[in-house]
Structures are given as C-alpha cells and as structure tokens.
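Residue-level listing of the chains:
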Amino acid sequence: MASAKCFVFILFICLFNYVENTSLLCDANYCRTFVLETGCAATAIHCSINNATHSGIELPSPTICNCCDYCLRFFVQGEHCSVGGPGLGTTIGRCGDGLTCAVDKTDGETRCTRMTSACHTLQDEYDAREARGEVGAMEHRPMCDGKGRHAPIECIPAHTCFCQSEEGHRIFGESLYLGSNTIRHMQCGCSRFHEKIKKSLSSGLRLPVIGPRCTSDGNFNPVQCIDRTCYCVDPTTGLVQDGVKSINLDEHPITTLECYNRNLDLFPIYSEGKPPYNYTSPCLKDLKDKIELVEQSVKDGYNVDYGGGFTECYPDGTFGRSALTRTGSKVCIDDRGRQIGDYEALPGTDAFDKMDCKCAVTSYHMGASKEKPVCCKNGNFRPIQCRRGMCRCVDSDGRQTVQESASVNTLSCFTFDWKTC
Ligand SMILES: *[C@@H]1O[C@H](CO)[C@@H](O)[C@H](O)[C@H]1NC(C)=O
Ligand SMILES: *[C@@H]1O[C@H](CO)[C@@H](O)[C@H](O)[C@H]1NC(C)=O
C-alpha cells in the first residue's frame with residue numbers, strides 16, 4: 001500500500017519535473033561543419049503543409065548528432081506502409097492518426113487501414129446515420145484520438161463540452177462550447193490524471209491520494225503545490241513552466257506566483273492573513289486532516305479506520321456540485337458554493353437519490369444564453385428537450401439520443417408527464 005502511494009507521488013514529481021531534451025546532441029560548431037561538408041537530405045514537405053493529405057511530425061533526424069531537420073510523414077488511409085524490422089530499410093513515415101499498418105487480404109500487401117476500436121465504431125455508426133439523414137441537430141460526431149480511443153472531450157452543440165475518459169465515460173470538467181477553440185484548449189489532462197489515479201489505485205489503498213488541482217474545465221490549475229512549494233504549470237500539459245520562480249508557502253502567499261489568477265482561485269481566503277500561508281480548500285483540508293489523523297494513529301500504535309468514510313473531493317478541490325441544506329434537502333451549487341437557480345430535492349424522495357445537478361451546472365456554464373436546457377426540479381436533465389420548435393430525447397448528460405421531431409408524442413422517450421420532473 002505504501003508503495004502504491006509512493007508510486008503516485010513519483011509519477012507526480014516526474015510529471016512536474018519533465019524538461020524537454022534539446023535535440024542537438026553535439027555543439028553547434030560540429031553541426032555547422034557537418035551540414036556544410038555532408039549536407040542534409042531534403043525533408044519531406046509534409047510537416048510544413050499539414051493538411052488532410054500531407055501531414056507529418058518533426059523529429060530528431062536519424063543522422064549523427066541530429067544535425068539535420070527531419071520530417072516523419074504520415075501515410076493516409078490505403079497507402080503502402082511497413083511494419084519495420086531488421087533489413088527493411090529506414091522508416092520514412094508511419095500511418096497517420098487512427099490508422100494502423102495491416103495486411104490487405106486481397107493482395108497480401110501492407111496498407112494503412114483504420115483501427116478497429118469502440119470509438120471508431122461509434123464514428124462509423126454516426127457517419128452511416130448521417131448518410132441516411134438521421135443525425136439529430138444537437139448531435140456531434142464522436143471524437144477519437146490518434147490511437148482510436150475516445151478523445152478527451154465530448155461536445156453538445158450550442159451547449160457545453162465535457163471531459164471523458166479514454167473509454168468514453170464522462171468525467172469531471174465542463175466548459176461552454178465555443179466551437180473549435182474550445183476543442184483545442186480543453187485538453188482535460190488534469191481531469192484524466194485524476195481518473196487514472198482512481199483507476200490504478202482504487203480499492204485496497206488505506207489512504208486516499210490527492211492529485212493535482214484542476215480548473216472547472218478539466219485543465220490543470222496553473223498553480224500547483226507539492227507540500228509547501230508551489231509552482232506554475234502549463235494548464236494543458238501540467239508541465240512546470242521553465243524560468244518561472246516557485247514559492248514557499250511558509251513565506252509567501254500563492255498570490256505572489258506569476259501565474260496566479262484570482263478568477264481561478266476558488267478559496268482566496270487561504271492566501272490572506274499572516275504566514276504560514278496555505279493552498280487548500282475546505283474539502284482538501286478535511287481530507288488532509290483525516291489522513292494525518294490516520295498516519296498519527298499508526299505511529300502511536302492504534303488504528304483509526306475511516307473505511308469508506310473519506311471525503312471524496314472534486315478535482316477542483318470542492319465538495320462537488322450539490323450540497324445539503326440545513327433542512328436536509330439537497331441543492332445544486334457552482335464551484336464557489338453558490339446555489340444555482342432554485343433546484344432542490346427533498347430527503348427521502350426519488351428525486352433526491354437521483355439528483356446529479358448536471359443540467360443545472362450546464363445551464364450555469366451557459367450563462368445568459370437563451371437556449372439553455374430545461375432541467376428537472378432536482379437539476380437533472382429533463383429527458384425531453386425542445387429547441388426552435390423541435391423536441392429531442394436526451395440522456396442524463398444532455399446528449400441527444402434519437403432524432404428530433406416536431407411532435408413530442410412520436411419520440412421514443414415520450415411519457416404523458418414529460419413536462420413535470
Ligand atoms: C494538401 O496540400 C498539397 C500540397 O500543397 C495539395 O496537393 C493537396 O491537394 C492538399 N490536400 C488537401 C486536402 O487540401
Ligand atoms: C495555514 O494552515 C496552518 C495550519 O493549519 C494555520 O496555522 C495557518 O493559520 C494557516 N494560514 C492561513 C493564512 O490561513
């Protein structure tokens with residue numbers, strides 16, 4: 001158990017200490033002479049074009065000291081490829097994203113073919129429905145990554161994008177959908193990091209592991225601390241930003257960090273007052289206190305066992321998006337703990353048990369938009385949503401499931417009490 005915790009810690013350190021290697025292996029003078037005397041082979045043009053048919057990746061060249069530029073081109077679907085091996089010559093390219101080099105049964109040649117994966121299957125099904133004109137107005141073609149797995153985000157047109165795991169399960173992180181810009185910037189690296197910690201440790205571990213701090217869109221919070229030292233990291237990669245000074249909380253508050261952004265600080269109260277400063281949240285503080293209590297009890301030779309009783313904090317350090325009120329009901333809250341709308345569920349009801357606030361949070365992200373989803377009283381998505389005279393069925397995440405229709409009662413999810421939930 002201790003080793004598992006250690007492992008994560010090391011992973012964490014590695015992630016934050018990764019420094020990109022420079023690709024030049026010898027001094028610049030050597031390369032200058034080398035290039036003059038030996039010359040460099042022409043590089044494939046693909047890296048500089050990078051369109052649908054001409055793409056590639058810049059890599060260290062397979063020459064002495066990497067003196068030359070090198071472009072490894074990507075083959076398109078159907079192009080000849082080689083799986084490599086001794087005596088098969090130098091690699092000049094590889095199959096592009098989502099493709100794999102496979103034997104074509106018709107002629108025994110190897111060609112780049114589309115990988116088979118769950119995400120690709122979903123894309124194919126979507127394409128087939130689109131060809132038949134059956135795709136709904138609020139559907140988005142599933143996005144897959146270069147290895148055929150689910151891309152980090154999934155978007156609902158005109159609503160929001162949210163993070164998903166490689167298997168396509170929705171995870172923490174949501175942001176207003178503003179087209180390709182959102183898709184580019186929302187990498188969900190932090191959210192997926194938490195997901196991986198959860199998966200690789202899961203049960204059996206006595207103490208929970210606290211991962212990096214995320215922002216509400218699933219990216220890394222630019223401010224990260226390990227023990228009392230705080231760094232600036234890149235929000236998409238989580239890598240420590242070179243040349244930015246770190247601080248020690250015993251002397252300085254996080255507000256003195258170059259990357260500190262007050263809008264992203266959900267708990268500024270911890271940076272106020274006198275040193276020693278902290279970078280924490282009520283949930284994380286609660287969790288840390290419990291962990292310390294257990295660790296102390298082990299040292300003292302007795303056993304405090306919280307069992308399943310550890311608070312689970314959201315990756316942004318909050319308690320989550322729903323909260324208990326003094327009367328025992330549950331309400332939906334935003335990341336700063338402010339109630340969203342008047343969504344509420346009374347204890348002992350079905351609505352209380354099933355409350356997920358996903359619709360309330362989506363509508364909160366959509367701000368002043370006039371086309372917000374209609375939520376149930378408990379903040380969940382109403383199964384039928386209507387927009388511009390057309391109605392559609394949605395799942396609990398708000399994803400359209402069947403094609404929209406102008407008459408509600410022809411929808412497969414129709415019930416007579418569809419308006420009240
Ligand atoms: C990509 O660029 C190349 C070279 O300019 C061109 O021949 C090719 O048609 C382009 N492909 C697309 C899909 O635009
Ligand atoms: C930070 O936490 C320590 C220990 O819990 C506490 O003594 C200190 O007052 C806190 N500092 C601030 C500025 O809240």
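Residues numbered from 1 in each chain as written. Chains lettered and ligands numbered in written order. Predicted model: local features only at pLDDT ≥ 70, side-chain atom pairs only at ≥ 80, totals over all residues. Heavy atoms only, no water.

Caption draft 1: Region of interest: the sheet that holds strand β2 (residues 71–75). Read from one edge of the open sheet, 3 strands run β1-β2-β3, paired in mixed fashion. The open sheet has two free edges, formed respectively by β1 (55–58) and β3 (93–95), since each of these has just one partner strand. Taken over all neighbouring pairs, the strand axes of this sheet differ in orientation by 30 degrees on average, direction set aside. As defined by bridge partners, β2 adjoins β3 across 3 bridges and the pair is classed as parallel. Paired with Phe 74 across the bridge in β3 is Arg 94. (Pairing = 2+ DSSP bridges. Helix = DSSP H or I, 4+ residues; strand = E, 2+ residues; numbered from the N terminus. Axes fitted to C-alpha atoms, helices over the stretch in contact; angles between N-to-C directions.)

Caption draft 2: Geometry of the packing of aromatic side chains. A full pass over the atoms with the stated rule returns 3 aromatic pairs. Seen in terms of ring centroids, Tyr 30 and Phe 34 are 6.3 Å apart; in terms of plane orientation they differ by 20 degrees. Their pairing is stacked. Placement of both Tyr 30 and Phe 34 in helix α2 (residues 28–37) is noted, with a separation of 4 residues, approximately one turn of the helix. By relative accessible area, which is 12% here, Phe 34 ends up buried. Consider the rings of Phe 172 and Tyr 314, whose centres lie 5.5 Å apart with planes at 85 degrees: the pair is edge-to-face. Taken together, the residues Phe 172 in strand β8 (residues 170–176) and Tyr 314 in the loop between α7 (282–299) and β12 (322–324) connect sequence positions 142 residues apart. For Phe 172, a relative accessible area of 14% gives the class buried. (Phe/Tyr/Trp six-rings, centres within 6.5 Å; stacked < 30°, edge-to-face > 60°. Buried < 20%, exposed > 50% of the residue type's maximum accessible area, 1.4 Å probe, protein only.)

Caption draft 3: Inspection of the pattern of salt bridges at higher detail. Overall, the coordinates contain 28 salt bridges when judged by the stated rule. We note a salt bridge from Arg 111 to Asp 107, for which the minimum N-O separation is 2.9 Å. For Asp 107, a relative accessible area of 39% translates into the label partly exposed. A salt bridge links Arg 228 to Asp 250; the nearest nitrogen and oxygen atoms lie 2.9 Å apart. Taken together, the positions of Arg 228 in the loop between β9 (223–226) and β10 (229–232) and Asp 250 in the loop between β11 (247–248) and α7 put the pair 22 residues apart, joining distant regions of the chain. Overall, Arg 228 belongs to the partly exposed group, its relative accessible area being 26%. Residues joined in a network through salt bridges with shared partners are Glu 154, Arg 170, Glu 174, Lys 358, Asp 395, Asp 397 and Arg 399. (Salt bridge = Lys/Arg side-chain N within 4 Å of Asp/Glu carboxyl O.)

Caption draft 4: Main features of the site of ligand 1. Every residue near ligand 1 is listed here: Ile 49, Asn 51, Ala 52, Thr 53 and His 54. Taking Asn 51, its side chain carries an N or O atom lying 2.4 Å from an oxygen atom of ligand 1. The contact in question runs from a nitrogen atom of ligand 1 to an N or O atom on the side chain of Thr 53, over 2.9 Å. Here ligand 1, which alone exposes 360 Å², has 41% of that area covered by the protein. (Near = heavy atom within 4 Å. Polar contact = N/O pair within 3.5 Å; in protein donor to acceptor, adjacent residues only side chain to side chain. Areas by Shrake-Rupley, 256 points an atom, 1.4 Å probe, with all protein chains shown as cover.)

Caption draft 5: Local environment of the state of the cysteines. Applying the stated criterion to the full structure yields 17 disulfides. At a sulfur-sulfur separation of 2.1 Å, the disulfide partner of Cys 119 is Cys 144. On the sign convention where negative means left-handed, the S-S torsion of about -95 degrees between Cys 119 and Cys 144 marks this disulfide as left-handed. Placement of Cys 119 in helix α4 (residues 118–131) and of Cys 144 in the loop between α4 and β6 (153–155) is noted, with a sequence separation of 25 residues between them. A single burial state applies to Cys 119 and to Cys 144, both of which are buried. There is a disulfide in this structure between Cys 386 and Cys 391, and the S-S distance comes to 1.9 Å. Judged by the torsion about the S-S bond (105 degrees), the Cys 386/Cys 391 disulfide is right-handed. (Disulfide = S-S within 2.5 Å.)

Caption draft 6: Quick peek at the sheet that holds strand β7 (residues 160–164). In space, the 3 strands of this open sheet follow the order β6-β7-β8, with antiparallel pairing throughout. Edge positions in the sheet fall to β6 and β8, since each has one partner strand and no second. With direction set aside, neighbouring strand axes in the sheet form an average angle of 25 degrees. Pairing of β7 with β8 involves 4 bridges; the strand directions are antiparallel. Looking at β8, one finds that Phe 162 is bridged to Glu 174. With respect to the sheet, helix α6 (residues 189–201) is in contact with β7 and β8, its orientation differing from that of β8 by roughly 170 degrees. (Contact = heavy atoms within 4.5 Å.)

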